[in-house]
Each structure stands twice: as C-alpha cells, then as structure tokens.
Amino acid sequence: MGSSSAGRRELAERAIRGLGAHRSEHQVVTVQCRHAHHVAAVYDTDEGLVVVSRTGPHAHGSRDFLDLGRRGSRGGAEYADLLDAGPADGLPAWCDCGPRTLSRAELRRLVTERVATARLD
C-alpha cells in the first residue's frame, strides 16, 4: 500500500482498472442518496476494498448528457481510494443533489454487514 494519499489513490485506480470492463461483478456496496442518485460504490479488488465515486457534475449513463448550461461544468472526475487506508474519514463524492462527504468508517460497516445498497439521508 502506498504511504501517501496520492500513492494509495494510484494503487486504488490501478486495482479498479484491473477489474476490466465488467467491474460491476466485483461491486460489494452501492451508495445512493435519498433520491436514488448514484453516489459511490465499493469494489472487491486484488488490492483490497476500493471506494469509487465521482466528484463534480457528470452524466450517469450512455444516454445521459451533461447539462452544461445549468452547472457550467465539463463533468466530474472519478475518485478512487482504498477503503482500509487508515482511520482518516471523509471521502469526496457527488450526486445530482450536490457535493457529499462519505464516511470511511460507515462504508466499512456497510461492507461488514453485507449491505448491498445503502441510502444516505
């Protein structure tokens, strides 16, 4: 595991790429807001559990287009980090409701309790 935040994230990104085009087969938890917008997912990889979210406004599927007039953004970036990277809490995420911060401890609890889909308040 990388010792720096950037090193951990790079390792997580490689692990996610290693899952290939069908990474959903390795998904253990999906996180949605109370409006059912996708917020994040946790995947089981060769490097351990990896959290993947998007930061900033973005399209949600092959037929979705960004509403550039409303938000003025070109789309969010994918954010990946190792879930068990330590006690530090606070992972960035985004849904149509706006920016969010996810709790690493809460995501660990969801995995331990085998919660497939979690809804945020």
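Below is a short write-up of the structure. No experiment lies behind these values; they were computed from the predicted model shown. (Residues numbered from 1 in each chain as written. Predicted model: local features only at pLDDT ≥ 70, side-chain atom pairs only at ≥ 80, totals over all residues. Heavy atoms only, no water.)

Section: the nonpolar core
Link 1 in the chain: Formed by 17 residues in total, the largest nonpolar core has its most connected members in V31, V39, V42, L102 and L107.
Link 2 in the chain: Looking at this core, the elements that each hand over two or more residues are β1 (27–32), β2 (38–45), β3 (48–55), β5 (91–95) and α3 (104–112).
Link 3 in the chain: Non-local contacts of L102, meaning those with residues more than four positions away in its chain, are made with V31, V39, A40, G90, L91, A93, L107 and L120.
Link 4 in the chain: Within the second largest apolar cluster, 11 residues are counted, among which are I16, L19, A41 and V52. (Core = buried A, V, L, I, M, F, W, Y, C linked by side-chain atoms within 4.5 Å. Buried < 20%, exposed > 50% of the residue type's maximum accessible area, 1.4 Å probe, protein only. Helix = DSSP H or I, 4+ residues; strand = E, 2+ residues; numbered from the N terminus. Contact = heavy atoms within 4.5 Å.)

A look at the pattern of salt bridges
Link 1 in the chain: Applying the stated criterion across every chain, the model contains 8 salt bridges.
Link 2 in the chain: Among the ionic pairs, R14 bridges to E10, the shortest N-O distance being 3.0 Å. Residue R14 and its partner E10 are both found in helix α1 (residues 5–18); the two are separated by 4 residues, about one turn of the helix.
Link 3 in the chain: Using a relative accessible area of 47% as the deciding quantity, one classes E10 as partly exposed.
Link 4 in the chain: Across the pair E78 and R23 runs a salt bridge whose closest N-O atoms are separated by 2.7 Å. Here E78, found in strand β4 (residues 77–82), pairs with R23, found in the loop between α1 and β1; they are 55 residues apart in sequence, far enough to count as distant.
Link 5 in the chain: Linked by salt bridges that have partners in common, R8, D81 and R104 make up one network. (Salt bridge = Lys/Arg side-chain N within 4 Å of Asp/Glu carboxyl O.)

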